[in-house]
Amino acid sequence: MMSANHGTMMARRVVITGCSAITPIGRTREEIVRHLVDGISGVKKLRDDGLLTSHMHSGVYGTVDYPIAYDFKRSHRKTMGPVSFYACQVAKETLEASGLDQAFITSGRLGVAFGSTHGSPSAQRDIYRTFFTESKQQFAGIGAVDYLKSMVHTTAVNITKMFGITGRVISSSTACTTSSQSIGFGYETVKFGMQDAMLCGGADEYDTTTVAVFDNLLACSTEFNATPHLTPRPFDVSRDGLVVGEGAGAVLLEEYEHAKKRGARILGEVIGFSCNNNGGDLILPNIHGITKTIALALDVAAIDPGQVDFISAHATATKMGDVIEAQAIGSLYGDGPVVTGLKSYMGHTMGSCGAIEAIITLYVMEAGFIPPTLNLDEVDERCAMIRHAVHLLEQPIRIAAVQNFAFGGVNTCFILKKFDG
Amino acid sequence: MERDAIKAAIIRIFDEKFEIVGPGADDNLRDAYEFDSIDAVELLHEIEILLDTRLTQAEKKNAMEIRTINQIVDYIEALARDRCLATPSGPE
């Protein structure tokens, strides 16, 4: 096992001093908490894209259906696809919330860890449309900004450009673990002194390509197209697959002494992170890989399983994924911590899910309650060995684990602690 | 294409594509409007559409030192002239 201090390297405390999210259940802390308390879903009918939707079986989507007022100037907008608009908006709000000054932001001591599932799919479609269009527009082929809008690291570098950030850039693109890797790698970067702060997160825009991929793999929910709010149903006996969604989340990770010295408001502390791979199949959930990830995160955080109060499970509502995750949690934690599948409220926001679930965990940590898994009417007996949140619990959370697992066999887990000085 | 018509077309492109309204004929576009190399490449694409022609790599590289609206109009006039000389019947 890896030691908590990773050998002789300097280990510093890493705290969270800002966050912001764009989710299917709202933008602000108040809106998101209201949806959790009142059990309101952000899953809606999948809107027609005029291309793929008519060929798919799944007709539901975790939808951001409210207007967002962007005030970005043209020189910033011109290299952004929709995914970067999301990313830069939450980054902007996170930096504002953190209170970091411009001198620090541009000093080189702040870096960015931000990603998306595959850049901007709508920008990529525009490129392909150019190739297949009989018009003089073809003359120039790919436009000067098309690649900058569509590339995998488009979110990270549009953020650096907008704010003049000159520190290191990490841009993971590992599907469902994209933003949990952002937070985890950002945490390690600050912990081991490579940067004093990291702006971390992920984003994904409205995109039917991803839905089509999961639909083809028979992994999408299809039985609730007429009642979108009743799906996904993590751990429920009648779950029928995941629901793809859109969104963005950002957190500002900062070295504790730096945050303390400037009097920053501290929202929570990251005390551990792990990432591994199943070392085999790229799709099937793997209990050994997942169990090892969770155990490693606890080891890095130097805590016992009994100290964890709450688990934000990956819980996509696929048939086997939920069973494997429940078994892994059960084998390490028993029925101790309360487990919630937050995707039940908003679907699977893909590259942004880890960051959004971390932010929601911070919100409920502060509010002192645990939201139930939505649509969990009857627990699948194969998932029954853990302590499910079947109704809202007014219960303080001191330590929480956020788990995410991705296609490609990538697993992550990070541990958040309520800040207590 | 007359110089005034070229200038009017360029002013329209700057408005519609680059959100730069009424730039001065001799304003340094980079300094005054953050018009950078990415914008320049996009502008070359618009010029190709305007002239209904395709620019060579050499012609595009020659454009990279252009800084003002007047220089852009000069550049387009030269392109049109070259093409008329090469193809007396008009643009391809």
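The rules behind the values
- Residues numbered from 1 in each chain as written.
- Chains lettered and ligands numbered in written order.
- Predicted model: local features only at pLDDT ≥ 70, side-chain atom pairs only at ≥ 80, totals over all residues.
- Helix = DSSP H or I, 4+ residues; strand = E, 2+ residues; numbered from the N terminus.
- Rg over C-alpha atoms; globule rule 2.2 N^0.38 Å.
- Buried ≥ 20, exposed ≤ 12 C-beta atoms within 10 Å, placed from the backbone.
- Contact = placed C-beta atoms within 7 Å.
- Pairing = 2+ DSSP bridges.
- Axes fitted to C-alpha atoms, helices over the stretch in contact; angles between N-to-C directions.
- Expected span 1.5 Å × (residues − 1).

A. Structural context of the overall build of chain B. A tally of regular secondary structure across chain B gives five helices and zero strands. Relative to its length of 92 residues, chain B is compact, with a C-alpha radius of gyration of 13 Å against a globular reference of 12 Å. The dimensions of chain B, computed from C-alpha atoms along their principal axes, are 40 × 25 × 20 Å. By residue count, 18% of the 92 residues in chain B fall in the buried class. Across chain B, the fraction of contacts at a sequence separation of at least 24, relative to all contacts at a separation of at least 6, is 63%.

B. Structural detail: the sheet that holds strand β1 (residues 14–22) of chain A. Residues and elements named next belong to chain A. What the eleven strands build is an open sheet, ordered β5-β4-β6-β7-β1-β8-β13-β12-β9-β10-β11; its pairing is mixed. Taken across any chain shown, the strands that pair with only one partner, and hence form the sheet edges, are β5 (169–170) and β11 (387–388). As paired elements, β1 and strand β7 (residues 247–255) share eight bridges and run antiparallel to each other. If you follow I16 over to β7, its bridge partner there is L253. The sheet strands contacting helix α7 (residues 154–163) are β4 (110–115), β5 and β6 (197–204), and the helix crosses β4 at an angle near 150°.

C. Spatial organisation of the pairing of β4(A). Residues and elements named next belong to chain A. By the criterion of burial, β4 is predominantly enclosed, with six of the six residues buried. Neither face of β4 is exposed, since L110, V112 and F114 on one face and G111, A113 and G115 on the opposite face are all buried. For β4 and β5, the ladder comprises two bridges, and the chain directions are parallel. Across the sheet, A113 pairs through a bridge with I170, a residue of β5.

D. The arrangement of helix α14 (residues 353–367) of chain A in detail. Residue and element names in this part refer to chain A. Here α14 contains 15 residues, and its C-alpha end-to-end distance of 21 Å stays within 8% of the 21 Å for a straight helix at 1.5 Å per residue. With 13 of 15 residues buried, α14 is to be regarded as a mostly interior element. Looking one or two places after α14, you find G368, whose phi comes out positive at around 80°.

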